[in-house]
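So you can see what is in the structure, the chains are spelled out below.
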Amino acid sequence: MLQDIRDRSQSLIVKIIIGFIVVTFALFGVDALVTSFNSSETVAEVDGKEITRTQVLQTADTQRRQLISMMGNNIDPSLLDENLLQRRALDSLIELAVLKNQADGLELGVSDAQIDSLLVSAEQYQTDGVFDQNKYLNAIRSLGFTPLAYKERIKESYVLSQLRSAVTESEFALPSQVNAISELQNQKRTYEYVQFSLADQTEQTDVTDGELQAYYDDHQQDFVSPEQVKISYVVVTTDALATNVKVTDQELQNAYQTEIAGLDTEERDASHILIDTSIRSEDEAKSIIAEIQSKLASGDSFASLAKEYSDDPGSKDVGGELGFVAKGALGESFESFEDALFAMNVGGIQEVETQYGLHLIKLNAIDKADAPTLEELRDQLTADITARKAKDALLDAQENIADLAYASDELAPLADEYGLDVETSDYFGQSGGNDVITSEPTVISAAFSDSVKQDGQNSDPIELGDDKIVVIHVDAHKAESPLSFEDAKTEIASMLIKEKAESIISEKAAELLVDASQDSGWEKVELAPRGQDEVTSLVFSMPHPVEGAVQTAVKSLVNGDVVALKLLDVVAGESDSDSTRTDAYTRFVTQNQAQLNSASHLELVKDLAEIEQ
């Protein structure tokens, strides 16, 4: 196939097409070419504004990336079905178009400066509290946006949020609504019940071969072997690329200097005497300092004078001792204190002023920790540099991996390029396989795409985290096929036995409610609050008894058990006096009404719009 393409690429018609593209680029730019291709791919119109197939595909791809980003390995592969994504994408584009038209009609807008401020202040794009350009670009590229397109999308979303806010933020909850919710929540119910075990009944239930055959004959379409594929794949990892990474002496030296620059290699043992200027005048404080210095000169100990004069309750009783202090440990308000301390010689005493008053500082000792040598850190630094360079190499290799995957219908050239093996999988269906690769939703989605499954092409490079890229090729495909009776027999038996058992215990429960003479061990529960247990939750789904009559029902539990229920009494709840719960009820009512109004507003503008698909 690829050779045919290469041969035909030399034809006169292809050369004419290429010439047209070159001229279009030169005269009008890329946008003109894209527009010319899109103009004939209209899939819908909203009030005369076109929605193109390209827009649908781009939106579907964005939604696919967002789903993978949010759900990771837990995503259901069926959510990545291309037809489903495109249907949702078209629906979202239509909704977006009608809302944009209304926003334009209301002349809603937002400035570029507001959007810039919003993006710069967003925490997800910051490192250590500062906007990080690389983090921002990586994030928007992972969603398939260019910086300009992403900014326009944010601007569009911001404008539409104004429209939504006008509808939702005007909602409020009436006290009567909050009281009604509170009373319902605090309601209590008295009931009796008998529980019938599905597991016990299942053990006592049998089915005949005739019943199994009859069910199979009537439901053959339900018993099929699912579609499966078997793939080969090449995984390019940072570990594989790390084998070719070279770490130079200069890189090690730079990393070493960076490492030791961040180490606190010196601490100083200090004592101080604080004369608080907030409780006396500065002249008084200076007079006291002079008096202390005079006594120090006369031979009095610093520790005894600290106990006598210092206004610092934390160090006064221990002779002003602060212990060992690292540079920057005391904070910005003690910057002048630290500057003086780290400029002194051992035994020296110096006066310094901070916002807390006047200090006399004494330096008692200096402890200099020896920085580790380059040799001691060599292995660690080499591993760190190698990992970083391997990660960069994987990013740089993405284009080459994509080219190799596209240039051949086989994986061997890609594997040879990076010295890797072509691995193979067992057959797996759309629920995924049992190994690390075939259980990845993005791999499953690619394996069952038309281009890979039917056309025999290699997949596009698939990113699995930031340390692994995989390219797959479908080697074999098994279409969905009917199961034989023998293969389906066990599944049918399990299904029929369960259905029979459920029917039997449901009939027993119904008979028990009809025949009042039966004494089958009714259990009574008095004044049960809402949510007490599963049976109580079922009771709260029953209507009130009418005019004193007992309300009855047969209901199923999550485990398949069946309960016969008698609702005897309903006691109305009182309004809640707890402000926390009342606030929660108020938020619930307000948010619920806001959601309903928002949905109604969307349906209204869609009904008023002229939509053609």
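Residues numbered from 1 in each chain as written. Predicted model: local features only at pLDDT ≥ 70, side-chain atom pairs only at ≥ 80, totals over all residues. Heavy atoms only, no water.

**Student:** For the overall build of the protein, give the residues involved together with the corresponding values.
**Tutor:** Within the protein, the secondary structure is distributed over 23 helices and 19 strands. Principal axes of the C-alpha set define a box for the protein whose edges measure 115 × 90 × 60 Å. Out of the 613 residues in the protein, the part that is buried amounts to 34%. Roughly 36,200 Å² of accessible area belongs to the protein as shown, and the carbon and sulfur atoms make up 49% of that amount. Here the protein contributes 47 positively and 111 negatively charged side chains, and the mean placements of these two sets differ by 2 Å. (Helix = DSSP H or I, 4+ residues; strand = E, 2+ residues; numbered from the N terminus. Buried < 20%, exposed > 50% of the residue type's maximum accessible area, 1.4 Å probe, protein only. Areas by Shrake-Rupley, 256 points an atom, 1.4 Å probe, with all protein chains shown as cover. Lys, Arg positive; Asp, Glu negative; His and termini not counted. Charge placed at Lys NZ, Arg CZ, Asp CG, Glu CD.)

**Student:** I'd like a rundown of the side chain of D269, residues and numbers included.
**Tutor:** With respect to the helices and strands, the residue D269 is situated in strand β8 (residues 266-276). In this structure D269 is buried but unpaired, with K362 as the nearest side chain of opposite charge at 9.3 Å. Ignoring any residue separated from it by four or fewer positions in sequence, one finds D269 in contact with E321, G323, F324, K362, L363, N364 and A365. (Salt bridge = Lys/Arg side-chain N within 4 Å of Asp/Glu carboxyl O. Contact = heavy atoms within 4.5 Å.)

**Student:** I'd like a description of the packing of aromatic side chains, backed by residues and values.
**Tutor:** Under the defined criterion, the tally for this structure stands at 10 aromatic pairs. Relative to Y136, the ring of Y125 has its centre 5.1 Å away and its plane inclined at 85°; by these criteria the two rings are edge-to-face. With Y125 in the loop between α6 (112-121) and β3 (126-127) and Y136 in helix α7 (residues 133-142), this residue pair connects regions lying 11 residues apart in the sequence. Neither residue differs from the other here; Y125 and Y136 are each classed as buried. Judged by centre distance (6.3 Å) and plane angle (35°), the ring pair of Y216 and F223 falls under tilted. Each member of the aromatic cluster is reached from another via a ring pair, and the members are Y125, F131, Y136 and Y150. The ring of Y427 has K478 lying over it, and the distance from NZ or CZ to the ring centre is 4.1 Å. K566 extends its terminal NZ or CZ atom over the ring of W522, reaching a point 4.2 Å from the ring centre. (Phe/Tyr/Trp six-rings, centres within 6.5 Å; stacked < 30°, edge-to-face > 60°. Lys NZ or Arg CZ within 6 Å of the ring centre and 35° of its normal.)

**Student:** Would you mind going over the pairing of strand β1 (residues 42-46) in detail, with residue names and values included?
**Tutor:** Pairing of β1 with strand β2 (residues 49-52), which is carried by four bridges, proceeds in the antiparallel orientation. Each residue of the ladder has a partner; that of T42, found in β2, is T52. The hairpin turn running from β1 into β2, its antiparallel successor, is two residues long, and D47 in that turn takes a positive phi close to 50°. (Pairing = 2+ DSSP bridges.)

**Student:** Let's hear about unusual backbone geometry: which residues, and what values?
**Tutor:** One non-glycine residue, D47, adopts positive backbone phi at about 50°. For D47, a relative accessible area of 41% gives the class partly exposed. The backbone phi angle of E107 is positive, close to 60°, even though this residue is not glycine. Examined against the element boundaries, E107 turns out to sit in the loop between α5 (82-105) and α6.

**Student:** Please provide a residue-by-residue account of the nonpolar core, values included.
**Tutor:** Ranked by internal contacts, the top residues of the largest apolar core, which has 37 residues, are I51 and Y150. Those elements that provide at least two residues to this core are β1, α4 (53-71), α5, α6, α7, α8 (147-168) and α23 (579-608). In terms of residues, this core owes the most to one element, α5, which gives 10 residues. Setting aside anything within four residues of it in sequence, one finds I51 in contact with E41, T42, V43, A44, V46, V56, L90, L93 and I94. Judged by nonpolar contacts, the second largest core, of 17 residues, contains I444, V452, I462 and V470. (Core = buried A, V, L, I, M, F, W, Y, C linked by side-chain atoms within 4.5 Å.)

**Student:** An account of the sheet that holds strand β19 (residues 611-612) is needed here, citing residue identities and associated values.
**Tutor:** Pairing in this open sheet of three strands is antiparallel, and the strands run β2-β1-β19 from one edge to the other. Looking at the sheet topology across the chains shown, the edges are occupied by β2 and β19. Bridging between β1 and β19 involves two bridges; their strand directions are antiparallel. By the bridge assignment, E45 is partnered in β19 with E612. The sheet contacts of α4 involve β1 and β2, and relative to β2 the element is tilted by about 55°. Here α5 sits on the sheet in contact with β1, β2 and β19, set at roughly 30° to β1. (Axes fitted to C-alpha atoms, helices over the stretch in contact; angles between N-to-C directions.)

**Student:** Give a description of the sheet that holds strand β9 (residues 321-326) that names residues and reports values.
**Tutor:** By way of backbone hydrogen bonds, the strands of a sheet pair with one another, either parallel or antiparallel. In spatial order, the strands read β9-β8-β11-β10; together these four strands make up an open sheet with antiparallel pairing. Edge positions in the sheet fall to β9 and β10 (349-354), since each of these pairs with one other strand and no more. Across the sheet, the mean angle from the axis of one strand to that of its neighbour is 40°, orientation sign disregarded. On top of the sheet, helix α14 (residues 282-297) reaches β8, β10 and β11 (357-368); it is set at about 45° to β11, its chief contact.

**Student:** Mind laying out the layout of surface pockets, listing which residues take part and the relevant values?
**Tutor:** Here the second largest pocket defines a volume of roughly 640 Å³. Looking at the second largest pocket, it is lined by 23 residues, and the ones nearest its centre are Q55, Q58, L93, R153 and E156. Those elements that place two or more of their residues in the lining of the second largest pocket are β2, α4, α5 and α8. A class-by-class count of the residues in the lining of the second largest pocket yields eight nonpolar, seven polar and eight charged. (1 Å grid on protein atoms, 1.4 Å probe; cavity = no way out; pocket = protein on both sides within 12 Å on 5 of 7 lines; lining within 4 Å. Points joined across faces, edges and corners; volume = space filled by probe spheres on them. Nonpolar A, V, L, I, M, F, W, Y, C, P; charged D, E, K, R; others polar.)

**Student:** If you had to explain the environment of Y136 to someone new, which residues and values would you point to?
**Tutor:** Note on Y136: relative accessible area 7%, which makes it buried. Between the alpha carbons of Y136 and I505 there is a distance of 60 Å; along the sequence they are 369 residues apart. Dropping the residues within four chain positions of it, Y136 is found in contact with L119, Y125, F131, P147 and Y150.

**Student:** Pulling in residues and values, what's your account of the environment of K478?
**Tutor:** Position of K478 among the secondary structure elements: in strand β14 (residues 468-478). Remark: the alpha-carbon pair of K478 and V229, spanning 249 residues in sequence, is separated by 6.1 Å. The contacts of K478, once residues within four sequence positions are left out, are P226, E227, Q228 and Y427.

**Student:** Could you give an account of the side chain of H473, with specific residues and numbers?
**Tutor:** Summarising the element assignment, H473 is placed in strand β14. Classification of H473 by relative accessible area gives buried; the value is 12%. Side chain to side chain, H473 and N458 meet in a polar contact 2.9 Å long. In this structure H473 touches K230, I231, S232, D409, L411, G456, Q457 and N458, once residues within four positions along its chain are discounted. (Polar contact = N/O pair within 3.5 Å; in protein donor to acceptor, adjacent residues only side chain to side chain.)

**Student:** Quick rundown of the pattern of salt bridges? Include the residues and the values.
**Tutor:** The final tally for this structure, using the stated rule, is 20 salt bridges. For D61, the salt bridge identified is with R64, shortest N-O distance 2.6 Å. You can see D61 and its partner R64 sitting in helix α4, three residues apart, about one turn around the helix. Across the salt bridge formed by E152 and K155, the nearest N and O atoms sit 3.9 Å from each other. Taken as a pair, E152 and K155 lie in helix α8 at a separation of three residues, close to a single helical turn. Given a relative accessible area of 40%, E152 falls into the partly exposed group. One salt-bridge network, in which partners are shared between bridges, spans K100, R153 and E156.

Worth remembering: the numbers are spatial, not functional.
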